[in-house]
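Now for the letters of each chain:
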Amino acid sequence: MSIHLKIASDFVCPYCYVLEAMIEQLRPELDVEIEYLPFELTEPPQPQVDTYNDPERRVRYARELEPLCRQTGLKMCLPPHVVPRPYTRLAFQGLYTARERGLEKAYCHRIFQAYFEEERDIGSLEELVSLAAEAGLDPDAFRNDLESGRWEAVEQEAVRHAKQDLQVRVVPTAFLGEHRLEGGAQSAQELKEWLLAHAAAE
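First, a word on what this report is: a plain description of the structure on this page. Bear in mind that the values here come from a model prediction, so they are computed numbers and not experimental data. (Residues numbered from 1 in each chain as written. Predicted model: local features only at pLDDT ≥ 70, side-chain atom pairs only at ≥ 80, totals over all residues. Heavy atoms only, no water.)

What follows is about helix α6 (residues 139-148). Regarding α6, the residues found buried are Phe 142, Asp 145 and Leu 146. Down the axis of α6, the sector holding all buried residues measures 90 degrees, keeping them to one side. Residues Asp 140 and Glu 147 are exposed on α6 and point more than 90 degrees away from its buried face. For α6, the N-terminal cap is Asp 138; the gap from its side-chain oxygen to the backbone nitrogen of Asp 140 is 3.2 Å. (Buried < 20%, exposed > 50% of the residue type's maximum accessible area, 1.4 Å probe, protein only. Helix = DSSP H or I, 4+ residues; strand = E, 2+ residues; numbered from the N terminus. Arc of directions from axis to C-beta. Polar contact = N/O pair within 3.5 Å; in protein donor to acceptor, adjacent residues only side chain to side chain.)

For the rest of this paragraph, the subject is the packing of aromatic side chains. Counted by the stated rule, this structure contains 10 aromatic pairs. Centre to centre, the rings of Phe 11 and Tyr 107 are 6.4 Å apart; their planes meet at 85 degrees, and the pair counts as edge-to-face. With a gap of 96 residues between them, Phe 11 in the loop between β1 (2-9) and α1 (14-26) and Tyr 107 in helix α4 (residues 104-116) connect regions that are remote in the sequence. Across the pair, exposure class does not vary: Phe 11 and Tyr 107 are buried alike. Geometrically, the ring pair formed by Tyr 17 and Phe 116 is stacked, given 6.0 Å between the ring centres and 20 degrees between the ring planes. One end of the pair, Tyr 17, is in helix α1; the other, Phe 116, is in helix α4, and 99 residues separate them in sequence. (Phe/Tyr/Trp six-rings, centres within 6.5 Å; stacked < 30°, edge-to-face > 60°.)

A few words now on the nonpolar core. If you look at the biggest cluster of nonpolar residues, it comprises 62 residues, and the most contacted ones within it are Leu 5, Phe 11, Tyr 107, Ile 122, Leu 191 and Leu 195. With eight residues, α1 is the single largest residue contributor to this core. Excluding its chain neighbours within four sequence positions, the residues that come into contact with Phe 11 are Thr 88, Ala 91, Phe 92, Tyr 107, Cys 108, Ile 111, Phe 112, Tyr 115, Phe 116 and Ile 122. (Core = buried A, V, L, I, M, F, W, Y, C linked by side-chain atoms within 4.5 Å. Contact = heavy atoms within 4.5 Å.)

Next comes the structure, spelled out in structure tokens:
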């Protein structure tokens, strides 16, 4: 069974990275194709936030995320030592170049991994070009797309669509047809049950 899952996500949301890891755990059993829907938690010119020096966030991550990381085998820095938390507009514009070349999955995974495991600044053009190359993209073409603003209007319309038309209020929010799963799942098994239940209804 092939399942097409749309996920409203942000590269600086650890719960989004956990959901991706759960989907990877299920791949031996389920053929799940992910289409990422950009959702910028902080849109310029809103002020960037300092997640690293936020004690309440650290407590919440320890309580909610560390058990999920153990389940999925992720070794995340919670939160990453990148201050302030990066804007993700450029990273999402890069997503469209990756999608055009059939490398969306590899690119998105590399961006998540770089931020949450390697504490790299994914708001930096230079970092993004390097990461895109590691994901198999041509770095010069990728840089040109971002510097020229090729995908800027497309990306901003996608964010508007997620926030206004789809009324996404929390990331990740997964869409399977008319069904939505807000905030991810507590285990790969729980996610599998949700996917199978709603895929059968489509």
